Amino acid sequence: MCGIVGYVGKRNATPFLIEGLEALEYRGYDSAGIYVAGKGVLKRAGKVSVLKSCTPSDFIGAAGIAHTRWATHGAPTENNAHPHTDATGNIWLVHNGIIENYRAIRASLEAEGVVFRSETDTEALAQLVGKKYRELPILEAAVAAALSEIRGAYGIAVMSTREADKIVVARLGSPLLIGMGDREYYVASDATPLLPHTRRVIYLDDGEMAVLTSHGHSITSLTQAPIEKGIETLEWNIESVKKKGHDHFMLKEILEIPEVIENAIRGRLDLENSHVHLGGLADAEERLRKTKRIIITGCGSAYYASLIGELLIEEIVGIPVETEIASELRYRRCTVDPEGAILIAVSQSGETADTLEAVREAKRHGIFTLGVVNVVGSSIARETDTGVYNHAGPEIGVASTKAFVSQLVVLALIALYLKQCHGTAETNILQELTRLPDYARSILGEREQIEEIAAKYAGMQNALFIGRKFQYPIAYEGALKLKEVSYVHAEAYGAGEMKHGPLALIDPEFPTIALMPRDSVYEKTLSNIEEIRSRGGKIIAITTGSTPQGMNEVISVPETHEALLPILTTIPLQLLAYYIARSRALPIDMPRNLAKSVTVE
Ligand code: AGP
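Residues numbered from 1 in each chain as written. Predicted model: local features only at pLDDT ≥ 70, side-chain atom pairs only at ≥ 80, totals over all residues. Heavy atoms only, no water.

(A) Seen up close, the sheet that holds strand E21 (residues 386-389). The five strands are arranged E18-E17-E19-E20-E21 in an open sheet whose pairing can be described as parallel. In this open sheet, the two strands that pair with only one neighbour each are strand E18 (321-325) and E21. Taken pair by pair, the neighbouring strands of this sheet meet at an average axis angle of 20°, ignoring direction. With five bridges connecting them, strand E17 (residues 293-298) and E18 associate as parallel partners. (Pairing = 2+ DSSP bridges. Helix = DSSP H or I, 4+ residues; strand = E, 2+ residues; numbered from the N terminus. Axes fitted to C-alpha atoms, helices over the stretch in contact; angles between N-to-C directions.)

(B) Representation of the packing of helix H14 (residues 402-421) against helix H15 (residues 427-445) within the structure. Where H14 meets H15, the axes come as close as 11 Å, and the angle between the chain directions of the two elements is 155°. Taken together, the axes of H14 and H15 lie roughly antiparallel to each other. Pair H14 / H15 crosses with left-handed handedness. Residues Val409, Leu413 and Leu416 of H14 lie in contact with H15, whose contacting residues are Ile429, Leu430 and Leu433. Within the contact of H14 with H15, the residues separate by chemical class into six nonpolar, no polar and no charged. (Parallel < 35°, antiparallel > 145°, perpendicular 65-115°, else oblique. Left-handed = near helix turned anticlockwise from the far one by under 90°. Contact = heavy atoms within 4.5 Å. Nonpolar A, V, L, I, M, F, W, Y, C, P; charged D, E, K, R; others polar.)

(C) Main features of the UniProt feature "active site" (unreviewed entry) in the protein. Mapped onto this numbering, the UniProt entry gives "active site" (unreviewed entry) at Cys2 and Lys596. A maximum C-alpha distance of 9.5 Å is found for the annotated residues, which run over 595 residues; spatially they form one tight group. Checking the annotated residues one by one, the ones that line the largest cavity turn out to be Lys596. With respect to the secondary-structure elements, Cys2 resides in the segment before strand E1 (3-8). We classify Lys596 as buried; its relative accessible area is 13%. For Lys596, the side chain forms a polar contact with the main-chain oxygen of Gly397, separated by 2.7 Å. (UniProt positions renumbered as here; feature names shortened; annotations may be inferred. 1 Å grid on protein atoms, 1.4 Å probe; cavity = no way out; pocket = protein on both sides within 12 Å on 5 of 7 lines; lining within 4 Å. Buried < 20%, exposed > 50% of the residue type's maximum accessible area, 1.4 Å probe, protein only. Polar contact = N/O pair within 3.5 Å; in protein donor to acceptor, adjacent residues only side chain to side chain.)

(D) Summary view of unusual backbone geometry. With an omega of 5°, the peptide bond between His82 and Pro83 qualifies as cis. By secondary structure assignment, the location of Pro83 is in the loop between strand E4 (63-69) and strand E5 (84-85). Even without a glycine there, the phi angle at Lys469 is positive, about 50°. The exposure class of Lys469 is partly exposed, given its relative accessible area of 29%. One non-glycine residue, Tyr487, lies in positive phi territory at about 65°. Looking at the secondary structure, you find Tyr487 in the loop between helix H17 (472-486) and strand E23 (489-494).

In structure tokens, the structure reads:
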């Protein structure tokens, strides 16, 4: 949700801190602030550009921390922006996460005469560190003592005016990486700001803290017990996080879909032997062979991808599958017999709080967990028992596009792999997977037609998305995309539901986007569409093969196996949402109220 960066070393910290905030702005962006040793603090409401414009050229120092905020407690004002300080002005702290017991901490400190300046939960932690620091005048000891009284989630970076060459970082539930330079260290809440400087990183795990100075680093538990951590190498490169001449990351990332599909299947298909290779699952093959029940979970688009995964596994393998939104699953009574059960957690960022907690809850019940994750080294990737990476590259746009398509491809591979464990894989689907990148290219090659349709419907205030079977979750995903980036009210329904109520919505100003490829339920869907047309409803049809009669607009995608059609039909919906949002001149990559990774509940 929020973005954190820090630097300590031989150079001026300020350029890295500002550029790092700009790279993280897609995570959360209603206010920002920076603290540099020896210079003090600057904070502004609004985007990072506002802070950047008021940072003087002599705002220079060898260590500093900075933060871009997505408000959870307290309005997005300068006063509530991070870094926050304590009563003495010695402690400076930035935080990502939620301090659940901040009210009790604040009340206790106010009773001791501490005067709070903001409405945030974070300031309670800064003030508590300040109190501990007066008792334990070593920064890491004061931070550890304060964190021992905290309940909630945090990723923090803390500095002191009295130990100017030191940054203390700690994490519980909100990600933090340490970038390793030559006698310099970088801190970031995700990999993006590190890429121009280093690809050697240490991932902090929950309950760990680190002390960074220009002379070296140490990593310990919160009880100061030393911990050895290996240095890992980031897969991504700086090129992959640039817009490459496109107006928005969202369009760039949609246009990457053919390459993303290729990356998802690369090295994983053996057509000659009708075999799927998933390295991460090889050690779990025996466990997967005994699978009798599967639960799939995720949030938002990852949940809709999970629904497709459910249909894929049931169709291809014949094992019972249930899918649940992670924020619901984690609170349901677990009635699953862990023997023969698997939880598949789908998450692009690998940091979504509800999905991560659903994984932890499943593990507490002894259920084997498998992650479908894009960000290497993310919390879900590290905490699941095994998994399959998307290899989709960084997705910067808040709206999930290429990552969603990659999730569908990986879930198809997992279904085929499970089939293999229980017998033989489906040759036809294997063959078709290799054709998907070219099918996607042909759809993207026709995007001007979609842009024209978007221009015709740009003024709509409402839209209905309908689909059946494999297209039912795609209807929901299409509605979400349109909502997210163009703020148009969009509903999604199973096509068969129209007569049970939604038909009442239909009039000429309430268009329907109908997912109607020529699949096993095409005729049924067509009759639902007739019900809409006969009541004056306009239809934008996403179909395959010959043009169905009587539609207002028709967008065709190539024929392929029914189970793989969602990978293709979702692409026009992403483009439609993008072009409508662009016609409204909206901040497409950073829609209002949203952030890329929901690391708080
Ligand atoms: C999708 O366009 C949204 N950005 C959102 O629904 C997202 O899919 C959801 O927050 C899950 O994120 P994750 O895949 O990183 O867990």
